[in-house]
Amino acid sequence: MKTKIRTTLIAGSIALLTGFTNPALADPLELSVHADQPGDTISRYLYGQFAEHLGRGIYEGIWVGEDSEIPHTDGYRTDVISALKKLEIPVIRWPGGCFADEYNWRDGIGPRDQRPVRINTHWGWVEEENSFGTHEFMNLVELLGSEAYIAGNVGSATPREMAQWLEYMTADNNTELAGLRRANGREKPWKVPFFGVGNETWGCGGHRTPAYYTDLYKRYATFLKAPQDNRPKRVASGGSNENTDWTEALASGVHRDMDGISHHYYTLPTGNWPKKGNSTGFPAEEWISTLHNSMKVDSHLAVNEAVLDKHDPEGQIGIYLDDWGTWYDPEDGHEPGFLYQQSSIRDAVVAALNFNIFHRHTKRLHMANIAQTVNVLQAVILTEGDRIVLTPTYHAFEMYRPFMDATFIPVKFTAMPDYTLGEISVPMVSASAAKTAEGSLVLALVNLNPADSVDVVTALQGFSAANARGRTLTAEAMDSHNTFDDPGKVIPRSIEVKTDGAMLSVSLPAKSVTVIELEEED
């Protein structure tokens, strides 16, 4: 009898709450949110950033120096710092990337005018002035209220060099390296919560095999020592895409001193590295192929999680997706090695799709770091001289802040139609929900259809909503983006959400990201 009554109520609520007409769907999509079945905590570290010495990511992007005419605070761009603070960034990975495996940490300490100039052989063969080094980065994360994820050099450095760098940052006694840090202006040790032992050791980090790197990891990790209250989680350099051989080798061959295994996956519209596709001016076929390719991360994580479940059933080892995002062909008029690209509404949809996937993997996925923070790949901020623009990807991160450290809540669609173009199909809508520490329910809905709106009616199980407020991010064209002359073209705006306590309904604009927060009745 309860089931029949509930069904009748849902049908009545749909009739009452909706008056929608949708050219793509005759009836609204029906979604249920099961607040009475709470899951794991959605780690805030899934919303991490990545800042490499690449192009204008550090210099001009974050750091302009103390002599710059661009407004700054001790050399950090004031506008960029202000914008990044609003994202409540939990962690930043630095100094690479490929750059990490040619980086000598001693080049980036001491008086800036005495630091050596090197060549950045990976990214444009440009001069690296080293004015932004350990002190500048560690001060940055403190300035942002964030945490540090250091990428150590396995490619061209020794275990001693890596161990001494960690000692320099964390030593709280009177050793030579602690004294050197103090002489360079930092009295107290920094907190170093995460330390990566190399990067992409299958490629730019040294072209190793999984078996060789597994032995190498054990050697380097053995000497990564720090005070007991300041020991970082140690992260091994893992594989990429659908590959599991690196996870298999490390999970079966390393039995101590490993808290996580990194994994990398980039979204290419075409799936073809030589001709990846453009960031703007792309056809509809590359809209859907980009979303389809990005969602492959779901299965990539799943197969690697299965390997960990086999070798680590206690769940001690996490996956660190510390390189992810869209990667397009170089922009005209920009140095190809600087990886500068525009970010459109498509990138915001990609980001939101990834967030929704990450939430489902939060038990094993301990961190994710988008590439990269400023001026590189799927950046959240672009700069030009003394101007900045917040990208649609920035706004996706900002809208999803309530999910950080919230409790995962399962969602289920009664039926899910596809958006199809040619031979490629993707789900019409992606959804994720969570319960915040304050007791509110947050629901994210992503409309993957670039042409048509989608109406969604949601049944709330175990939660009675007193009121609802929502914001949506959408745009007129598939490649709409913010520019320095029009920085407000793609920004979140309020959206009408109807609720009667047990149900809510909303009409999702085409190609949109919507986040709704619901307060519970007393």
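Residues numbered from 1 in each chain as written. Predicted model: local features only at pLDDT ≥ 70, side-chain atom pairs only at ≥ 80, totals over all residues. Heavy atoms only, no water.

Novice: Any details on the sheet that holds strand β26 (residues 503-508)? Residues and values, ideally.
Specialist: Pairing is mixed across the open sheet formed by 5 strands, whose spatial order is β17-β1-β22-β26-β25. Taken across any chain shown, the strands that pair with only one partner, and hence form the sheet edges, are β17 (411-413) and β25 (498-499). As judged from the 3 bridges shared by strand β1 (residues 29-34) and β17, these two strands associate in the antiparallel manner. In the sheet register, Leu31 faces β17, and the bridge partner there is Phe413. (Pairing = 2+ DSSP bridges. Helix = DSSP H or I, 4+ residues; strand = E, 2+ residues; numbered from the N terminus.)

Novice: A description of the pairing of strand β11 (residues 260-267) should follow, citing residues and the corresponding values.
Specialist: Of all 8 residues in β11, 8 are buried, a share of seventy percent or more. Here β11 shows no split at all, with Gly260, Ser262, His264 and Tyr266 on one side and Ile261, His263, Tyr265 and Thr267 on the other all buried. In terms of strand pairing, strand β10 (residues 233-236) meets β11 through 2 bridges, oriented parallel. Each residue of the ladder has a partner; that of Ala236, found in β11, is Ile261. Where β11 and strand β12 (residues 318-326) come together, 7 bridges link them in parallel fashion. (Buried < 20%, exposed > 50% of the residue type's maximum accessible area, 1.4 Å probe, protein only.)

Novice: Any details on the sheet that holds β10? Residues and values, ideally.
Specialist: On the basis of which strands lie adjacent, the closed barrel formed by 8 strands has the order β2-β5-β8-β9-β10-β11-β12-β13 and parallel pairing. Across the sheet, the axes of successive neighbouring strands diverge by a mean angle of 30°, strand direction being ignored. Where strand β2 (residues 48-50) lies against strand β13 (residues 365-371), 3 bridges are found, and the strand directions are parallel. Each residue of the ladder has a partner; that of Phe50, found in β13, is Ala371. Across the face of the sheet, helix α10 (residues 345-360) comes into contact with β12 and β13 while running at roughly 165° to β12. (Axes fitted to C-alpha atoms, helices over the stretch in contact; angles between N-to-C directions. Contact = heavy atoms within 4.5 Å.)

Novice: Would you mind going over the state of the cysteines in detail, with residue names and values included?
Specialist: Following the criterion strictly, the structure yields 1 disulfide and no others. Each sulfur in the disulfide pair Cys98 and Cys204 lies 2.1 Å from the other. One disulfide, between Cys98 and Cys204, carries an S-S torsion of -85° and so falls in the left-handed class. Here the residue Cys98 occupies a position in the loop between β5 (92-94) and β6 (118-120), and Cys204 occupies one in the loop between β9 (194-197) and α6 (210-222), the gap between them amounting to 106 residues. Taking the relative accessible area as the measure of exposure, Cys204 reaches 25% and is therefore partly exposed. (Disulfide = S-S within 2.5 Å.)

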